[in-house]
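Letter by letter, the chains look like this.
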Amino acid sequence: AQSVTQLDSHVSVSEGTPVLLRCNYSSSYSPSLFWYVQHPNKGLQLLLKYTSAATLVKGINGFEAEFKKSETSFHLTKPSAHMSDAAEYFCVVTASTGFQKLVFGTGTRLLVSP
Amino acid sequence: EAGVTQFPSHSVIEKGQTVTLRCDPISGHDNLYWYRRVMGKEIKFLLHFVKESKQDESGMPNNRFLAERTGGTYSTLKVQPAELEDSGVYFCASSKVAGTSGGKTQYFGPGTRLLVL
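First, a word on what this report is: a plain description of the structure on this page. It should be emphasised that the depicted structure is a prediction, and the values quoted were computed from it without experimental measurement. (Residues numbered from 1 in each chain as written. Chains lettered and ligands numbered in written order. Predicted model: local features only at pLDDT ≥ 70, side-chain atom pairs only at ≥ 80, totals over all residues. Heavy atoms only, no water.)

## A short note on the packing of aromatic side chains
This model, assessed by the stated rule, comprises 14 aromatic pairs over all chains. Ring centres of Phe34 of chain A and Tyr36 of chain A lie 6.2 Å apart, and the angle between their planes is 35 degrees; this geometry places the pair in the tilted category. Tyr36 of chain A carries the same exposure label as Phe34 of chain A, and that label is buried. Here Tyr36 of chain A and Phe108 of chain B contribute two aromatic rings whose centre-to-centre distance is 5.2 Å and whose plane-to-plane angle is 80 degrees, an arrangement assigned as edge-to-face. You can see Tyr36 of chain A sitting in strand β5 (residues 31-38) and its partner Phe108 of chain B sitting in strand β10 (residues 107-108), one on each of two chains. By relative accessible area, Tyr36 of chain A is classed as buried at 1%. (Phe/Tyr/Trp six-rings, centres within 6.5 Å; stacked < 30°, edge-to-face > 60°. Buried < 20%, exposed > 50% of the residue type's maximum accessible area, 1.4 Å probe, protein only. Helix = DSSP H or I, 4+ residues; strand = E, 2+ residues; numbered from the N terminus.)

Spelled out as structure tokens, the structure:
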């Protein structure tokens, strides 16, 4: 079975400062991990994915995440926040084999102040 | 390439009524998934189609929910009769055929916001 824990329900940053959204996972199998973002009144957009290749994954809009097996973590980072980054972010896990359901974290709402 | 589309975008119905949600996956995607997010909770899996066959329906909450994918193209999710606790956002996602590069990635539609009064 797989699960993810997003450690913060809300994160507040100032524009231009770094962003860190934390995610820990649990998986019985070698996992595939994703970060999705949902802007207000929009659908879910894939930011980045880890599928057992490079452990440092680069995504869209300057985001990246590092897969750390020893820490069972997949934290999302961005060096400099932009106002347009304000949204809800979801850490997601699935088994790496086959086509299986995604298991979502509870989400982290990122607030960016000027 | 068109993305996943869902209809309607919003639906407000009374308890006991029937609602049918529709999802059109990305063309050529054999895998189609339904998820939902009820108020204040995480997004949860409902079911998975491979073409027209139900691969996994372990997330369907009860027999008031019926999903179909006739012909392996679009899918419908019917709730009959609707209850208050069915309110939430229903997402559809699709992914490519197994074995292709990037085939695991699920692409989501904008969701249908359902409110049961």
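## Structural notes on the pattern of salt bridges
For the structure shown, the criterion picks out 10 salt bridges over all chains. Where Arg22 of chain A meets Asp8 of chain A, a salt bridge forms, and the shortest distance between an N and an O atom there is 3.0 Å. Taken together, the residues Arg22 of chain A in the loop between β3 (19-21) and β4 (23-27) and Asp8 of chain A in the loop between β1 (2-6) and β2 (10-14) connect sequence positions 14 residues apart. Look at Arg22 of chain A and you get partly exposed, because its relative accessible area is 32%. Under the relative-accessibility criterion, Asp8 of chain A is labelled buried at 19%. Where Lys58 of chain A meets Glu64 of chain A, a salt bridge forms, and the shortest distance between an N and an O atom there is 2.8 Å. Looking at Glu64 of chain A, the relative accessible area reads 23%, which means it is partly exposed. A cluster of three or more residues bridged by salt bridges with shared partners is formed by Glu88 and Arg109 of chain A together with Arg37 of chain B. (Salt bridge = Lys/Arg side-chain N within 4 Å of Asp/Glu carboxyl O.)

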